[in-house]
Amino acid sequence: MRTDAELFNTPDASSGRRVAPRSQGAWVKWVLIGIAVLYLTLILFIPALNVFVQAFRNGLGPFFSNLVSQPFLNAVKLTLLIAAIALPINTIFGLCAAWAIARHQFPGRTLLLSIIDIPFAISPVVAGLMIVLLYGRNGWFGPWLQANDLRIIFAVPGMVLATMFVTMPFVAREVIPVLEEAGTDQEEAAKTLGASNWQTFWRVTLPNIRWGLLYGLILTNARAMGEFGAVSVVSGNIIGKTQTLPLYVEEAYKQYKTPEAYSAAVLLAFLAVITLVLKEIVERKTRIKDVEE
Amino acid sequence: MTASPTNPRPVKGDRSFWYRLTHLSWPWRVTWVYLSFMLFLPVTAMLLSASTVGPAEFWRIATTDIALSTYSVTFGTSLAAALLNGVFGTLIAWVFVRYEFPGKRMIDAAVDLPFALPTSVAGLTLATVYSNNGWIGSFFEPFGIKIAFTRLGVFVAMVFISLPFVVRTLQPVLQEMEKEVEEAAWCLGASSWQTFWRVLLPPLIPAILTGVALGFSRAVGEYGSTVIVAGNVPFQDLIAPVLVFQRLEQYDYAGATVIGTVLLLISLLMLLVINLLQAWGRRYAD
């Protein structure tokens, strides 16, 4: 909820503010734009374009024949499976953590916010190493796991754990500000009218935070499908068994099977493009919502 | 956000700490259980494994010649990449906020590409583009400059991976900045340069530094793109995360744990620095 004062002073960053001052020649503007675009071209656009050019260089035929090879299909399946497990679990955690942080004041609140960010700060290799130290043969739970004939490291469960670790903060990070902005008024009203906690969540809170949540899900999914470092440490990279698409890309490249590498890379690049487009749509929706309010 | 005065919930101040701990609502329980299991447990396991090595042995492994060289490559290159992005990221954010030009929206959206593109794909394409016969690498080849599979390649990958941080940290701050202050400076006869250095830059510095620190922290930990674009030659372009990976592949758990712990502690330190910078930025904004 916005206060009246805020409603009257709607920030109009888009209108009128961007007019360049008269004292500054138009050439400065175009030189700066030129430098910015040149830098982005060298660092970003040419490498991005290269993925598509390399993948389709010999036409669509070889591209599709690479796509139907068995190791490749297994990699796709495994990538989807890992994301399908990691995504819902991290969503539940993210929503709980966001609610706990946004709806409560307690000593150490800022500390808890920073703690949730730790997985972003840690190198993916170190994240993978931690999981090996816990569940590996010489790890804390290693003897117990072996006694019960359970395999986590060099198997899918370890890769799921690694993915969950590196994507842990996204949902909470995106939902917290939305939840804070939405305020508690509507929830309190629902409670007063006799709604249960669950009803309040489904009917009031969830619709309020849906764009933030969706944004968090998009980012979690992109990282879950694209994660390389952490998954690589725990996977053992057994072709056809514990190889996700990003691992397939590296493996094919190292074995000088560059066309295969680019066939998989272009799929992942498509995933990235879809992520960016969805993100843009979500941002536009929230902006429109802001204006409407 | 200050919710405490507006929060109409009854304050449970009279309950003891223990009572509150045992009567947590279930979202709190999920949060704590998940954090304990997924975050505290692994970090503790790592720190305890490192401590079993013993301080003298820890120091010996952490400061072997090869480890020291990987730190210098990792931190030197990350810092250079983050600083370069500090300069160009500021310029890009400025251009996006202040100017209109065709294709701006698309270019703006594309800045997030390094967040969305899987790192192994980034490494693959950077290795191709910046190799001796690649689109960009071939321009440098006649001058005897090799980029891919050298330290320069690592640098390019780190620049790629840390680019969005400065831009995205700076954009909202620039958007908020009052145009009036700037115009006042012009009215008082300041030149464009003077206005930039004396009026515009100082309030942006906390945000620029936060972006640089975020980019640096990401570049230090980066593995996927750098392992592919680097030659991974010890003492030349071998970075610390790759060394951890190699130690683990050789079943040298002590070595992997010690160097991993050094990286972990530096990550946590960076997180602290970033938090302090953000607090500084908030104070500046008020």
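The numbers attached to residues start from 1 for each chain and follow its sequence in the written order. The lettering of chains begins at A and the numbering of ligands begins at 1, in the order of writing. Only residues with pLDDT of 70 or above have their local features reported here, since the model is predicted, and side-chain atom pairs are shown and tallied only from 80 upward, although totals for entire chains, interfaces and linings are computed over all residues. Side-chain descriptors were evaluated using all non-hydrogen atoms of the structure, hydrogens and water having been removed beforehand.

### Remarks on the packing of aromatic side chains
Reasoning step 1: Each pair of aromatic rings taken from Phe, Tyr and Trp, with Trp reduced to its six-membered ring, is defined by centres within 6.5 Å and is described as stacked if the planes are under 30 degrees apart, edge-to-face if over 60, and tilted in the remaining cases. By the definition in use, this model includes 20 aromatic pairs over all chains.
Reasoning step 2: Here Phe63(A) and Phe64(A) contribute two aromatic rings whose centre-to-centre distance is 5.1 Å and whose plane-to-plane angle is 65°, an arrangement assigned as edge-to-face.
Reasoning step 3: A simple rule labels every residue: compare its accessible area, found with a 1.4 Å probe on the protein chains alone, to the largest value its type can have, and call it buried under 20%, exposed over 50%, or partly exposed in between. We classify Phe63(A) as buried; its relative accessible area is 5%.
Reasoning step 4: Between Tyr223(B) and Phe245(B), the ring centres sit 5.3 Å apart and the planes meet at 25°, which makes this aromatic pair stacked. Here Tyr223(B), found in the loop between helix H11 (192-221) and helix H12 (224-229), pairs with Phe245(B), found in helix H13 (residues 240-249); they are 22 residues apart in sequence, far enough to count as distant.
Reasoning step 5: Through pairs of rings, three or more aromatic residues link up here, namely Trp198(A), Phe201(A), Trp202(A) and Trp26(B). Numbering of helices and strands runs from the N terminus, with a helix taken as a DSSP run of H or I at least four residues long and a strand as a DSSP run of E at least two residues long.

### Notes on the UniProt feature "transmembrane region" (unreviewed entry) in chain A
Reasoning step 1: Residues annotated in UniProt with the feature "transmembrane region" (unreviewed entry) correspond here to residues 27-52, 72-99, 111-132, 152-172, 213-240 and 260-278 of chain A.
Reasoning step 2: Within residues 111-132 of chain A, the helical portion is 91% and the strand portion 0%, while the C-alpha atoms at the span's ends are 27 Å from each other. UniProt positions are given in the numbering used here, feature names are shortened, and annotations may be inferred rather than shown by experiment.

### Here's the deal with the domain arrangement of chain B
All names here are of chain B.
Reasoning step 1: Along its sequence, chain B is carved into domain 1 (16-51) and domain 2 (55-285).
Reasoning step 2: Between domain 1 and domain 2, the C-alpha centre-to-centre distance is 32 Å.
Reasoning step 3: We call two residues in contact when some of their heavy atoms are within 4.5 Å. Facing the five residues of domain 1 at the interface are six residues of domain 2.
Reasoning step 4: With both sides pooled, the region where domain 1 packs onto domain 2 buries about 450 Å², and carbon together with sulfur makes up 87% of that total.
Reasoning step 5: Accessible area that two parts lose when put together, evaluated with a 1.4 Å probe and summed over both, is termed the buried area. It is Met46, Leu47 and Ala50 in domain 1 that bury the most area against domain 2; as a group they hold 79% of the surface buried on that side.
Reasoning step 6: Any carboxyl oxygen of Asp or Glu that lies within 4 Å of a side-chain nitrogen of Lys or Arg is treated as forming a salt bridge with it. There are zero salt bridges connecting domain 1 and domain 2.
Reasoning step 7: Pairs of N or O atoms are called polar contacts if they sit within 3.5 Å, as long as, within protein, a hydrogen donor faces a hydrogen acceptor (for residues adjacent in sequence, only side-chain-to-side-chain pairs). Our count for the domain 1 to domain 2 interface comes out at zero residue pairs in polar contact (both at pLDDT 80 or more). As annotated, the domain borders come from an automatic or database domain assignment.

### Topic: the domain arrangement of chain A
All names here are of chain A.
Reasoning step 1: Looking at chain A, the domain boundaries give domain 1 (1-56) and domain 2 (60-292).
Reasoning step 2: At the interface, eight residues of domain 1 touch 13 residues of domain 2.
Reasoning step 3: In total, about 920 Å² of surface goes out of reach between domain 1 and domain 2, with carbon and sulfur atoms giving 69% of it.
Reasoning step 4: Across the domain 1-domain 2 interface, the total number found is zero salt bridges.
Reasoning step 5: Linking domain 1 with domain 2 are one residue pair in polar contact (both at pLDDT 80 or more).

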